[in-house]
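# Structure assessment
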Amino acid sequence: MATVHTSLVGDRYASSLHDTRIAALLGTILGVTFTICFATGLLSHLIQNPPAWFDWTTRPAGLYRITQGLHVATGLASIPLVLAKLYVVAPRFWPWPPAPDLAKGLERLMLFPMVAGAVFLLMTGTLDTFQWYPWAFSFPKAHYWASWIFMGGLVAHIGSKYAVSWAALKRDDRSGGELEGKADPAERRKFLTAVGVGVGAITVATVGQTLRPLRAISALAPRDPEVGPQGLPVNKTAAGAGLMSDGQPDERLSPEIYRLRIGGKMDSPVEFTLADLQAMDQTTATLPIACVEGWSASGTWTGVKLKEVLAQAGVTDFDDVEIGSIQEGGSYRSSEVSFAQAADDETLLALQLNGEPLHIQHGYPLRLIAPARPGVLQTKWVGEIAVR
Ligand SMILES: Nc1nc2c(c(=O)[nH]1)N[C@H]1C(S)=C(S)[C@@H](COP(=O)(O)O)O[C@H]1N2
Ligand SMILES: [Mo]
C-alpha cells in the first residue's frame, strides 16, 4: 500500500528517529491529551455560555477546579509532545510529488487546520494563563472556534493514519509506514525519555498553581495560589474595574451609600443596605475560586444565601437571575445563576473572606461565590440582581 516517497532533502533526515512507530506512539499520546483538553474546554465553554438545555451542577464543589485544571495541564503537556511529533515526521513535510492522487492531496490539506490549529491553540492558551494578550481578537471566541477547526483536522488525520499507526504499534513493524527511519531501540528509548522528562517538567513546574502541595516546586506557574490579599490571588483589581479614584474606593462601595438592588421582572424593585445584609442569617462555606486560566485557591467565605436574599425580596420563583457588578463595563461584570444553582445552600453573596470583611480586591462589600463555578462567574462588587 503506502509507497515510500523519496524525500527531497535526502540524508539530512538520516536520524533513526524519523520512524513510523515513534510517530504513532506520540500520535496516540497526543490523541489522549488533546481529547481531554477538548472535552474539558468544551465543558468550560458550555458552563460560561449555557444553552437552554444545559444547567451546570454545583456539586461536587471542586469539580470545575479539576476539569479546568486538567484542561490547562493537558494543553501544556501537549507542547513538548507536539514539538517531538513534528520533529519525527519532518521528512514527510515536503514529499515529492506533493499530492500523488486526490485522496493523498486531501489528506495532506487536512494537515493544515490540524497543525496550524494546534500551534494557535497552545500558544494562545499559554499566553492566556499569563494574562498576556498581544492580539486584537477575543481570546475565548478565537480559542473556541480554533478548537473545532483543529478537531476537524485531527479526526481526518486519525482516520487516514489509523491503519498504518495501529500496525506499527502492534507489530513493531517499521516497514509499512511512510517514514524511512530504522529506529534503533536505544536511541528511541533516549528520545522518548527526553520527551517524557519534558512533559513531566512542564507539568510539575505549573500544576502547583492549583495543586497546593506542589506549589513550592512550581517555579513557572503563572499564579501562586497563596499570593494576594487575604491569601488569594486577584485577577481583576478594583482599579482595573474602574472602582478607584485618586486611590480611594468608589463611594458606591461605602457602607453608608452601598445598596443591593433586586429588580428585573419584579413589580417593584427592592433595595437592601449593607446593614440589612449583615443582619440576615449568615452561612460559612469553604469554596475555591477556580480561574479558567488554571489557578485555583480555596477560601472560607461567610455571607447570605442567594436564595435567602431573593426570598426576603419576595422572589421564590424564577428561571435565572443575573448578578450584576457596580463595575460599569467589561466582559465579566455580570454572571447568570440558574434556579437550580441558586437552590444550593452554599451559593452565597459573601460579605467576608477568612473571617474578615472582604478585601476591596476580592469584591468588597459583596461578591458572589458558589460551588463548582468558574472564577470568571464569581462576580465581585455585586450591586444589582435582575430576576428573570
Ligand atoms: N465584577 C467582576 N467580577 C469578577 C471579575 C471581573 O472582571 N469583574 N473577574 C472574575 C475572575 S476572571 C476571577 S478568576 C475571579 C477572581 O476572584 P478574586 O480576584 O477574588 O480572586 O473574580 C471574578 N469576578
Ligand atoms: Mo478568572
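Our subject in this report is the structure included herewith. Residue indices follow the written sequence of each chain, beginning from 1 at its first position. By the order in which they are written, chains take letters starting at A while ligands take numbers starting at 1. Where local features are concerned, this predicted model is filtered to residues with pLDDT of at least 70; where side-chain atom pairs are given and counted, the filter is 80 or more; whole-chain, interface and lining totals use all residues. Calculated side-chain values reflect all of the structure's heavy atoms, with hydrogen atoms and water omitted.

## Considering helix α4 (residues 111-129)
To keep it simple, the criterion reads: Working definition: helices are DSSP H or I runs of at least four residues, strands are E runs of at least two. Numbering for both runs from the N terminus. For a helix, the expected span equals 1.5 Å multiplied by the number of residues minus one. Per-residue accessibility, obtained with a 1.4 Å probe over protein chains only, is compared with the maximum for each type, and a residue is labelled buried under 20%, exposed over 50%, and partly exposed between these values.
The terminal C-alpha atoms of α4, which comprises 19 residues, lie 27 Å apart, in line with the 27 Å expected from a rise of 1.5 Å per residue. Here α4 has its buried residues at Pro 113, Met 114, Gly 117, Ala 118, Leu 121, Leu 122, Thr 124, Gly 125, Leu 127, Asp 128 and Thr 129. Once α4 finishes, Gln 131 follows within two positions and takes phi at roughly 55°, a positive value.

## Details of the site of ligand 1
Put simply, the rule is: Residues are classed as near a molecule or strand on a simple rule: at least one heavy atom within 4 Å of it. Here a polar contact is recorded for every N or O atom pair within 3.5 Å, except that within protein the pair must consist of a potential hydrogen donor and a potential acceptor, and residues adjacent in sequence are included only if both atoms are side-chain atoms. Residue classes follow a fixed rule: Ala, Val, Leu, Ile, Met, Phe, Trp, Tyr, Cys and Pro count as nonpolar, while Asp, Glu, Lys and Arg count as charged, and any other residue, Gly among them, counts as polar.
Close to ligand 1 lie 19 residues, the nearest being Pro 233, Gln 327, His 362, Arg 367 and Lys 380. Within the contact set of ligand 1, a nitrogen atom lies 3.2 Å away from a backbone nitrogen or oxygen of Tyr 332. The contact in question runs from a nitrogen atom of ligand 1 to an N or O atom on the backbone of Gln 378, over 3.0 Å. Residues that form the shell around ligand 1 fall into these classes: eight nonpolar, eight polar and three charged.

## Things to note about the nonpolar core
Definition in use: Among the buried residues, those of types Ala, Val, Leu, Ile, Met, Phe, Trp, Tyr and Cys that are joined through side-chain atoms within 4.5 Å form a nonpolar core.
With 33 residues, the main nonpolar core has Leu 260, Ile 262, Leu 277 and Leu 349 as its most contacted residues. Counting residues per element, the ones that place at least two in this core are β3 (260-264), α7 (274-279), α8 (306-312), β7 (320-325), β9 (348-353) and β12 (382-387). Residues Leu 81, Met 114, Leu 122 and Ala 146 belong to the second largest nonpolar core, which totals 25 residues.

## Looking at the pattern of salt bridges
Applied cut-off: Salt bridges, as used here, are contacts in which a Lys or Arg side-chain nitrogen is within 4 Å of a carboxyl oxygen on Asp or Glu.
Within this structure, the stated rule accounts for 11 salt bridges. Arg 252 is paired through a salt bridge with Asp 250; the nearest N and O atoms lie 2.8 Å apart. On the basis of relative accessible area, Arg 252 is assigned to the partly exposed category, the value being 31%. Given the relative accessible area of 15%, Asp 250 is considered buried.

These figures come from the coordinates and say nothing about function on their own.
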